[in-house]
Structure formats: C-alpha cells, structure tokens
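# Secondary and tertiary structure notes
If you want the building blocks of each chain, they are given just below.
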Amino acid sequence: MYSKTNLSRFAAGALAAASLLASTAAFAGEVTVWCWDPNFNVAIMKEAAARYSAKHPETTFNIVDFAKADVEQKLQTALSSGTTDALPDIVLIEDYGAQKYLQSFPGAFAELSSKVDFSGFAPYKVQLMTMDGAVYGMPFDSGVTGLYYRKDYLEQAGFKPEDMQDLTWDRFIEIGKQVEAKTGKKMLGLDVNDAGFVRILMQSAGGWYFDKDGNLSIENNAALKAALETEQKILQANIHKPAAGWTEWVATFTSGDVATVTTGVWITGTVKAQADQSGKWGVAPIPKLNVEGASHASNLGGSSWYVTASSAEKDEAIDFLNEVYAKDVDFYQKILTERGAVGSLMAARNGPAYSEADAFFGGEKVWQNFSDWLAKVPAVNYGVFTNEVDTAVTAHLPSLGQGAPIDDVLKAVDSQAQGQIQ
Amino acid sequence: MAAGKTGGLKRYYDLNGWLFVAPSLLLIAIFLVYPILRSLYLSFFAGKGMMMKFAGFGNVVRLWNDPVFLQALTNTVTFFIIQVPIMITLALMLAAVLNNDKLKFIGFFRTAIFLPCVASLVAYSVLFKSMFSVDGVVNSALLAIGLISTPIGWLTEPFWAKVLVILAITWRWTGYNMIFYLAALQNVDKSIYEAARIDGVPAWARFVYITVPMLKPVILFTTIISTIGTIQLFDEVYNLTEGRGGPANATLTLSLYIYNLTFRFMPSFGYAATISYVIVLMVALLSFLQFYAARDRS
C-alpha cells in the first residue's frame, strides 16, 4: 500500500516537473499578438505565425482575438498605467490612431527603421507611422477604396460597366436618380453617424482634417468642403438608404437594397459572402471630386502592426514581422486569395494572385485594379486628433441633410474641433 | 483601581474593534478614497496621454469653452428632468394599481413589470437598437397601423434618438422603482383607505392625498437614486450609438464623454477627471435640493 502511494506520488511529481519544464521552455519564445477580426487580421496573423514557426520551431505564438474597441481600450489603459506586463509583444493599431499612440506614449513602441527596409511599401502607409524621422510599425493591410456596384441594377437603369468608369460625384448622383426611378433601389447606403464617406472623399483630393504640419485645417480646406458638399447633394437628392451603425450599413448592400458601395477593399470578403449575388457585382474606381488635386484613389481604414518596446521577445517579434510581412510575397498572395487582404508591400502585386480574374466580379481583374489604385492613394497627415475631428464632423452631418450652408457647417465643426484638440 | 480597570478594558475593546474593521477600512482607503483624491489631483494636469503638465485651473477654463461638454451637460440634464418624473409617476401609478387585492394574476403582472430590470444593460440596449432600427419591428408596426406614413429615424434623427434613450431607460427602471412603492404600500394601514371610502373620497383623491403622502420618504429615496443613475447614464447610450453619442451628439452624456476622452480620443486624463468632478458636484447639489424640498416642515 505504502509503496504504491509513494510510487503514484513520485509519478505525479515527475509529471508536474516535466510539464513545468515544458511550459517554461515554450514560454521562452512565445510571441503574444493582439488583433480584432477573426475572419481577417486574426486569421492572417495565424497564417503568418504558421509560416514563421515552420522555419523557427522554437518560436510559438499566442494570437489573442478581441473586439477592436477593446484592443484600443486595453492598450491605452496599459500604456497609461505603465504596467508593461499587461502589454502584448505585437499589437494591431488602426492607421488613424497611429500618431496618437506614438506621440502620447513616446518610447512605448520599438523603432523598426534600422531593421526593416521600408522603401518597398506604399508611401502613404509608411508616412503615417513615422515620427521624427523614425518608423515605428510594420505596414499591414490597406483600405484602398473602390466603387462596388450591382451590374444588374445598373443595367436595368440603362448603364453599362463602361459608364461607371471615370465618374464624377455629380454624374454619380444623376445615375443614382435614374437607378431609383427605374429599379426602385437606392444608390448607396449611408450611415449618418459615421463620417467615413466624408473621409474617403476628402483624402481622394489629397486633403485631411490637418495640413502637412499637423495643424487643424477645416474652414479653408477645399477637399473637406467639396466632400461635405457632395454628401449634402446626396442627402438632398435622397438617393441613399439611411443606416444607423455598422451592422445596418452592411445590411443595406448584403440585402440587395442598394446599387453601390463606396468603401475600403477589406469589404470584399463581406460582399463575396453573398454567394447568390455572384456575377452581379463590378468594381470601378471611385468617382472624383470637382476640386484641384482630385483623384479616383482614396483610402478608408487599414491598420498596421506595432512591437511594444518593453516586450521580452522584442527582437524575435521584429524578426518575425520583417521575415513575413516585409519579404514573403507568397504570403501576400495567400491572404489576398483567402481573405481579400490587399497588403501594402508593393512587390506583392507582381505575384500571380493579383493578376487572377475573379468570377464573383464577372471575371474582372479586381485585385490588379485595387493595387494600381493603391499606388495612387494621396499621402496625407492623419495627425493625432483624427478621432476628435471626426466626431465633430459626424455631429454636424444631420444639419447637412437639413440644408445648412456648407460654410456654416465648416465653422461649427471648426469650433467644436478647436475645443477638443488641446 | 476600578476606574483604571474599566479604562483598560475600554481601550482593549476599542483596539479590538478597530482591528476588526481595519481590513475593510484599508481596502476602502486604497480602492475608494485614494482614487477620489488622486482624480482630484489629476484634474489639475493637462496634456497628451502620459505627457502631462501642471495646468492649474486650465481644465476648468477648458470646460467653459468646450461646446461638446456643454452639449453633453445639456443632454444629461434633459434626460433626468424629463425621464425621472415620467418614470416615478408611472411607477407610483403601477404600484397603486397592483396593490389592489381584487386584481387577478397580480403576481404575473408584478413579475412582468419588474422583469426588465433583471435584464442585462447591454442585452436590452442591443435589443432596443434592433427593434428601433429604420426597418425594425417598431417602425413596421407603426406603419402597419397607420400611425405614421414614413419610418421614424429613431437612431438617425437627434430628437427621436433622445426619445429612444428615454423610452429605453424608462422601460428598464420603472418596475424597479415600483417594487419599492409596493413594499412601502404594505405598511400603509388599510383602515385609512377604508375610512376614506366610507367618507366618499374618490379614487384619484385617495391616491393623491393618501398614497402619495404616505410614500413620501420612499419617493424621495427613489428620486435621488434615479437622478444619480440618470446623471451617470452610460451603458444605454454607449450600446445604442456604438459609443458615439450620435446623431449630432444628441445622446452624448457626461459619462460617455469621459469615456471617449479617456479611451477613444487622445487620452486627456486630467480633463476627464475634471468632468467627473462636475458629475460629483451635480449629484451632491441635486441630492441636497431634493432633501431640502422634501424636509419635514412640522
């Protein structure tokens, strides 16, 4: 009896010791990553991790998936409290917020410019993560924009795919009126609590809420003014279906209620998820504003990877990002085909996946188009207060619909923004 | 000496008493008193994130010039001035009705009206959001019975968004207040009502002149609790508007603004702390006013 108990005790002890050893050995090289979309950046990070682990078996990954707002809140709390234990090794940050984190928490993120060659990335992407000449992030997905349109609805209204190329927003509104008259469908869904549409238009003309030096630029901002004018024309022409919040907005086109969607390329996965709409969609460059510097290329959202400076696995994390995200062209082909992710590494566009035709879009070479537009996205300074000014613009969108003069709206936005950015 | 002995015993009991409460006092000091003092200290600093500098009363000056703060303050005050009286009156009337022994299925009605306040704040907000969307159940129902001809933009028009928030919190909390009144009504002597009935006092007068005065202390208590709750309103507006307080800042409350200043915007911890002290002052002032208005004049 005694010997049996002792034996089992010994066995248990040995097991415990073995598992302890195993867990410490694994921990030595575990890279923790925070990101937010299980069908997009989480899945992509898992793919990247698998590629790196295949060559470096001693490195393991712990990819933590939670809501974007929670990632931001947790990051901001950990950085402010100074408890670096709570931070991951790599964190995904949306591009609009990059400068906010870099400037309000100096020294919190590792500088990568000495270890990574950034010349191969889309320039606008590198610029937004640069502070005092040093680059602090690894560019990831781009939000290059396109005009997704329902070929079947437009055809009923008498428009061919050629008619959708090289549009102006005024022409877009005219088409919208005819589409509604002939098909009863609205031209686009608009979330009145979100200024994303205004941001797309503004950046397409090379403008932002801030000038090159990061100073607030509202009242004399031609691009912003033109963007607001366009939104007002659309609201007053009533060719839009109003939506409150993201889910409702997405439902406007997944349900087939609207004829077009103007947004970032990352929406492709959601559009393609409606298998019954296959072959009915086309993609054109977004319409152009009627101001100097206007183009058909813009950006919405997009995010990048940052390594925390306090991380114990800092060098490992940087090496991982450099090896996969800055060099592996094949990786970019896979995430494009599987997840619809257009990376910002320019070399990736020469890969085979980018030149493939997509049956969902009636055999169009949509990826080649998107990567062409990506190279043309005007670089702007997102500054540190994009969220604040965006809130100010959002707050004044309803008055826009009621016909308030644009100059008054700009003045009101300016005064609210001034109060916020100090 | 006898006196010395008692003194020693007293000291012994005192010491023991303090030792027993020391752990909780310590915890209260660390997790309640310290944060309160620390946030007061913080409210004198300004800057981006961790780059804070002493600013004196700079944050208070900023309050005056910040249109968003004034809007949030106006919204918060509007919410409690309109919502609290509606809810208290509704709860009182429901309690008076459900205190009637002759009513059938009384247990069912009481439970049904109380049930909303057991629901999770987030869950019911999400539910309201979907019910009140442009082509949600509520708009469809109103259109079907012909009350409206075009769908109401519950979450897209500033006025209706405020109405929706008031509807939501009233739905959630009326039953909760009703339970307080029901409990208090059990202590009201039935013979008072009987006497009033014999004297021919109509039902409405019995309600106004007997029920309400008898419940005065409970009404005061629930009014204060509801006022504090409404001033701190956060969960509902956060979930109904995806944290933005839209449309046009129409549902932005002080608490939501504090949250945004800390977690969504460039972190201004000092300014956020200043606004939280505005809430403290408002709660203190309003509670005092309510106590003053309902004081015993005898």
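Residues numbered from 1 in each chain as written. Chains lettered and ligands numbered in written order. Predicted model: local features only at pLDDT ≥ 70, side-chain atom pairs only at ≥ 80, totals over all residues.

An unreviewed UniProt entry annotates chain B as Lactose/L-arabinose transport system permease protein originating from Ensifer adhaerens.

Per an unreviewed UniProt entry, chain A goes by the name Lactose/L-arabinose transport system substrate-binding protein and belongs to Ensifer adhaerens.

## Let's talk about the overall build of chain A
The helix and strand tally for chain A stands at 17 helices and twelve strands. Taking 22 Å as the expected radius of gyration for a compact globule of 422 residues, we find that chain A reaches 24 Å, a close match to that expectation. With respect to the three principal axes, the spread of C-alpha positions in chain A is 90 × 50 × 45 Å. Within the span of chain A, comprising 422 residues, buried residues form 49% of the whole. Expressed as a percentage of contacts within chain A between residues at least 6 apart in sequence, the contacts between residues at least 24 apart total 77%. (Helix = DSSP H or I, 4+ residues; strand = E, 2+ residues; numbered from the N terminus. Rg over C-alpha atoms; globule rule 2.2 N^0.38 Å. Buried ≥ 20, exposed ≤ 12 C-beta atoms within 10 Å, placed from the backbone. Contact = placed C-beta atoms within 7 Å.)

## Digging into the overall build of chain B
The secondary structure content of chain B amounts to 13 helices and two strands. At 25 Å, chain B has a C-alpha radius of gyration far larger than the 19 Å of a compact globule built from 298 residues. Across the 298 residues that make up chain B, the buried fraction comes to 32%.

## Overview of the sheet that holds strand 8 (residues 186-191) of chain A
All names here are of chain A. Strand order across the open sheet formed by five strands is 9-8-10-7-11, with mixed pairing between neighbours. Unpaired on one side and paired on the other, strand 9 (240-243) and strand 11 (281-284) mark the two borders of the sheet. Strand after strand, the sheet turns through a mean of 30° between neighbouring axes, direction not considered. When strand 7 (residues 145-150) meets strand 10 (residues 258-264), the two strands line up antiparallel, connected through five bridges. The partner of Y149 across the bridge, within strand 10, is T260. (Pairing = 2+ DSSP bridges. Axes fitted to C-alpha atoms, helices over the stretch in contact; angles between N-to-C directions.)

## With respect to the domain arrangement of chain B
Frequently, the measure chosen for interface size is the accessible area removed from exposure when the parts meet. Residue and element names in this part refer to chain B. The domain boundaries assigned to chain B delineate domain 1 (2-59) and domain 2 (65-293). In this structure, domain 1 and domain 2 have C-alpha centres spaced 34 Å apart. Contacts between domain 1 and domain 2 engage twelve residues on the former and ten residues on the latter. Secondary-structure elements contributing two or more residues to the side of domain 1 that touches domain 2 are helix 1 (2-42) and strand 1 (45-48). For the side of domain 1 that touches domain 2, the class distribution of residues is seven nonpolar, four polar and one charged. (Domains from an automatic or database assignment. Nonpolar A, V, L, I, M, F, W, Y, C, P; charged D, E, K, R; others polar.)

## Focus on the nonpolar core
Soluble globular proteins tend to pack their nonpolar side chains together in the buried interior. Grouped together as the largest cluster of nonpolar side chains are 182 residues, with contacts concentrated most on A:A227, A:L321, B:V165 and B:Y257. Take this core: its biggest share by element is 14 residues, from helix 3 (residues 67-98) of chain B. What A:A227 contacts, discounting residues up to four positions off in sequence, is A:V198, A:L201, A:M202 and A:L289. (Core = buried A, V, L, I, M, F, W, Y, C linked by C-beta atoms within 7 Å.)

## Some details on the domain arrangement of chain A
Residue and element names in this part refer to chain A. When the domains of chain A are assigned, the result is domain 1 (2-142 + 301-355) and domain 2 (145-298 + 385-420). Inter-centroid distance (C-alpha atoms) of domain 1 to domain 2 is 33 Å. On the side of domain 2, seven residues touch domain 1, which itself brings eleven residues to the contact. The residue makeup of the side of domain 1 that touches domain 2, split by class, is three nonpolar, six polar and two charged.

## Focus: the confidence of the model for chain B
Detailed conclusions should not be drawn from predicted coordinates in areas where pLDDT is low. Averaged over every residue, the pLDDT of chain B is 88; the share at 70 or more is 97%. In the model output, the complex is listed with pTM 0.78 alongside ipTM 0.71. (pLDDT = per-residue confidence, 0-100.)

## A word on unusual backbone geometry
One non-glycine residue, A:D132, adopts positive backbone phi at about 50°. Its place among the elements puts A:D132 in the loop between strand 4 (130-131) and strand 5 (134-135).

## Structural notes on helix 17 (residues 406-420) of chain A
Along its 15 residues, helix 17 of chain A runs 21 Å from first to last C-alpha, staying within 8% of the 21 Å computed at 1.5 Å per residue. Those residues of helix 17 of chain A lying buried are A:V409, A:V413, A:Q416, A:A417 and A:Q420. All buried residues of helix 17 of chain A lie within an arc of 100° about the axis, which places them on one face of the element. Exposed residues pointing more than 90 degrees away from the buried face of helix 17 of chain A are listed as A:D407 and A:D408. Buried-residue contacts for helix 17 of chain A involve helix 9 (222-237), helix 15 (386-395) and helix 16 (397-401) of chain A together with helix 3 of chain B. (Expected span 1.5 Å × (residues − 1). Arc of directions from axis to C-beta.)

## Description of the sheet that holds strand 6 (residues 137-139) of chain A
All names here are of chain A. Spatial strand order, 2-1-3-12-6: five strands in an open sheet with mixed pairing. Here the strands that pair on one side only, and so sit at the sheet edges, are strand 2 (60-65) and strand 6. Sheet twist, expressed as the average angle between the axes of neighbouring strands with direction ignored, equals 25°. Relative to the sheet, helix 2 (residues 41-55) contacts strand 1 (30-35), strand 2, strand 3 (90-94) and strand 12 (303-307), its axis offset from that of strand 2 by approximately 180°.

## Things to note about the packing of helix 2 of chain A against helix 12 (residues 314-325) of chain A
Residues and elements named next belong to chain A. Between helix 2 and helix 12, the shortest axis-to-axis distance is 10 Å and the interhelical angle comes to 105°. With respect to their mutual orientation, helix 2 and helix 12 come out roughly perpendicular. Side by side, helix 2 and helix 12 meet where A48, R51 and Y52 of the first sit next to F320, E323, V324 and Y325 of the second. Residue composition of the contact of helix 2 with helix 12, by class: five nonpolar, no polar and two charged. (Parallel < 35°, antiparallel > 145°, perpendicular 65-115°, else oblique.)

## Digging into the pairing of strand 12 of chain A
Along any regular strand, the residues point their side chains to alternate faces of the sheet. Residues and elements named next belong to chain A. Among the five residues of strand 12, five are classified as buried, and the element is accordingly described as predominantly covered. Relative to strand 12, strand 6 runs antiparallel, the two being bridged by three bridges. Directly across from M138, in strand 12, lies its bridge partner W305.

## Considering the interface of chain B and chain A
At the junction of the two partners, chain B supplies 29 residues and chain A supplies 31 residues. Elements with a minimum of two residues in the side of chain B that touches chain A: helix 3 and helix 12 (254-264) of chain B. Taken together, the residues of the side of chain B that touches chain A sort by class into 14 nonpolar, nine polar and six charged.

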